[in-house]
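Listed below are the residues making up each chain.
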Amino acid sequence: MPMRLLQLEKWLAPLGGKLPTLYLVGGSVRDICLGRPFKDLDLVSREAADFAVTLAQTRDAALVPLLKHPQQPCFRVVDRNDPKVFLDIVPLRGETIQTDLALRDFTINAMAVAVGAGGHLGPLEDPFGGSADLHEGIVRQVTVRSVWEDPLRILRAYRFGAELGFRIEGKTLREIRRASDRLGQVASERVAAELMAILGHPTCTRWLHRMDEDGVLEAVFPEIRHLKGCRQNGYHDKDVWGHTLEVVERCEEILGRTAFFFGSAAQRLTALVQKDDNAALLKLSALLHDVGKPRTRKEHPSTGRVTFYGHDALGAEMARAVCERLRLSANRRQVVACLVAEHRHAQDLLAPHVKGTTRVSWFREHRERAVLCTVLAMADLLAKKGPCASRQEMDVLLSAAGAMVRDYWDNLRERIDSPSLVTGYDIMALGLAPGPFMGKVLRRVREAQDAGQITTRNQALAKVRVLAGFGRAGARKEGAWDK
């Protein structure tokens with residue numbers, strides 16, 4: 001443990017020696033012990049509120065009261081010049097720091113260090129053996145009641161396991177299994193935050209398997225119960241649930257090998273999935289992409305052929321409902337619903353006979369979401385391993401998917417983002433009344449522009465005249481095209 005922390009020294013130096021009893025606690029202590037970079041600085045003090053006010057005034061910082069945990073106020077002091085720099089100060093629970101640490105979730109988070117003037121650090125307070133568990137790579141609850149007192153700790157255990165590469169200790173795991181049905185009592189926003197953190201890890205699939213085996217995943221997603229044992233057709237060697245988990249794993253494989261799958265577009269794809277929790281949203285979509293299959297499953301009575309017509313549309317409705325239950329933002333709900341709704345369509349667009357204008361229209365409608373949807377479609381293809389699945393055909397489609405993503409960034413995006421060469425007002429000036437036919441003309445002209453067939457306003461107006469049936473004299477002749 002270092003004698004001083006530069007970050008603390010910057011915050012506390014202006015106060016001189018006028019400090020109450022302070023302790024650095026939580027994840028920052030854990031990460032310092034592990035030699036990992038840490039994001040947040042958490043302090044506890046019996047005089048938390050007064051100290052936060054004094055610190056904010058001295059540093060000319062903003063003071064933001066909030067609730068980081070239920071029934072525990074937190075006073076966040078934020079640097080006005082850089083809102084990403086802040087200090088969280090919470091009240092000491094109980095009479096001593098040992099009492100406070102006893103109320104925390106896991107031993108690796110139940111350590112503290114006294115903080116003196118100028119950010120000077122004292123010896124490590126470790127009453128529950130957190131440093132030993134760090135050395136052994138173990139996630140262990142502080143007391144036998146930890147996960148019962150706050151069931152969200154169930155998900156936090158898997159998150160720490162994924163982030164740190166630790167294993168969950170046996171007794172803790174038994175309590176997690178017993179308490180898993182209590183996750184329904186936790187605020188949806190808190191569940192979603194932990195879930196997104198787990199899904200955002202580059203190799204979360206093995207932890208999803210463990211959460212499923214421990215009964216935790218069904219507590220969050222009761223919909224998956226119906227995927228288990230739902231037999232598929234000859235393109236699959238697993239039931240819907242087994243296939244679903246493999247699709248998540250294949251998403252991770254693709255994201256880990258972007259250069260192989262996307263070539264020159266690899267860096268742009270990586271930047272996209274690292275933005276706005278898109279990696280987690282992609283894998284959440286993979287978890288839900290076939291959620292509509294059990295309710296759409298049909299088996300032909302004589303041939304035994306299994307179909308799932310409409311599972312993508314129904315799945316999108318169900319996925320949206322899941323996202324609403326988790327209180328995800330409207331934008332995140334739209335991303336997941338779009339990916340689930342369009343994953344089959346994305347595969348259809350990879351066929352060689354599909355017109356370029358059809359792909360352009362799809363990308364114009366969905367933009368970067370279409371790229372994420374293409375990744376999901378590729379993962380879905382990679383997970384098809386039944387006797388009817390042709391590896392050669394799959395390889396051709398995967399190659400087409402990589403080319404389609406490259407073409408979007410190299411060519412289509414600029415065309416899609418360019419303004420239309422003509423508008424409805426231009427068409428009205430030619431004498432065409434507003435209505436469905438005008439919309440059809442506008443779409444056709446825009447498609448020609450996106451395809452590079454027209455590049456100037458005059459060419460676009462000429463295209464309008466042809467489509468609308470205007471003769472040289474300006475009179476319109478109704479033709480078969482607009483009937």
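Described in the following lines is the structure provided in the data block. (Residues numbered from 1 in each chain as written. Predicted model: local features only at pLDDT ≥ 70, side-chain atom pairs only at ≥ 80, totals over all residues. Heavy atoms only, no water.)

**What to know about the nonpolar core**
Now for step 1: Judged by nonpolar contacts, the single largest core of 127 residues is most densely connected at Leu8, Leu43, Tyr158, Leu208, Phe221, Phe262 and Phe363.
Now for step 2: A per-element tally of this core places helix H20 (residues 368-382) first, with eleven residues.
Now for step 3: Residues contacting Leu43, with those up to four places away along its chain left out, are Leu8, Leu22, Tyr23, Leu24, Phe51, Leu87, Asp88, Ile89, Val90 and Val115.
Now for step 4: Core analysis: the next-biggest nonpolar cluster, separate from the first, contains 15 residues, Val422, Leu432, Val441 and Ile454 among them. (Core = buried A, V, L, I, M, F, W, Y, C linked by side-chain atoms within 4.5 Å. Buried < 20%, exposed > 50% of the residue type's maximum accessible area, 1.4 Å probe, protein only. Helix = DSSP H or I, 4+ residues; strand = E, 2+ residues; numbered from the N terminus. Contact = heavy atoms within 4.5 Å.)

**Let's talk about the side chain of Glu342**
Now for step 1: As for its position among the elements, Glu342 is in helix H18 (residues 330-348).
Now for step 2: Buried and without a salt bridge, Glu342 has Arg320 as its closest oppositely charged side chain, separated by 10 Å.
Now for step 3: Engagement of the side chain of Glu342 in a polar contact is seen with the side chain of His345, the distance being 2.9 Å.
Now for step 4: Ignoring any residue separated from it by four or fewer positions in sequence, one finds Glu342 in contact with Trp362, His366 and Cys373. (Lys, Arg positive; Asp, Glu negative; His and termini not counted. Salt bridge = Lys/Arg side-chain N within 4 Å of Asp/Glu carboxyl O. Polar contact = N/O pair within 3.5 Å; in protein donor to acceptor, adjacent residues only side chain to side chain.)

**Thoughts on unusual backbone geometry**
Now for step 1: Of note in this structure, Asp60 is not a glycine but carries a positive phi near 50°.
Now for step 2: Given the relative accessible area of 54%, Asp60 is considered exposed.
Now for step 3: The phi dihedral of Asp277 is positive, around 60°, even though this residue is not glycine.
Now for step 4: The residue Asp277 is located in the loop between helix H14 (266-273) and helix H15 (278-288) in this model.

**Focus: the pattern of salt bridges**
Now for step 1: With the rule as written, the count across this model stands at 39 salt bridges.
Now for step 2: Residues Glu253 and Arg250 are paired through a salt bridge, measuring 2.8 Å at the closest nitrogen-oxygen approach. Note that Glu253 and Arg250 are positioned in helix H12 (residues 240-256) at a spacing of three residues, about one turn of the helix.
Now for step 3: Of the charged contacts, one joins Glu252 and Lys283 as a salt bridge, the two residues approaching to 3.1 Å between their closest N and O atoms. Linking Glu252 in helix H12 with Lys283 in helix H15, this pair joins segments that are 31 residues apart in sequence.
Now for step 4: Where salt bridges share partners, they join Lys238, Glu246, Arg250, Glu253, Arg257 and Lys385 into one cluster.

That is the geometry; function is a separate question.
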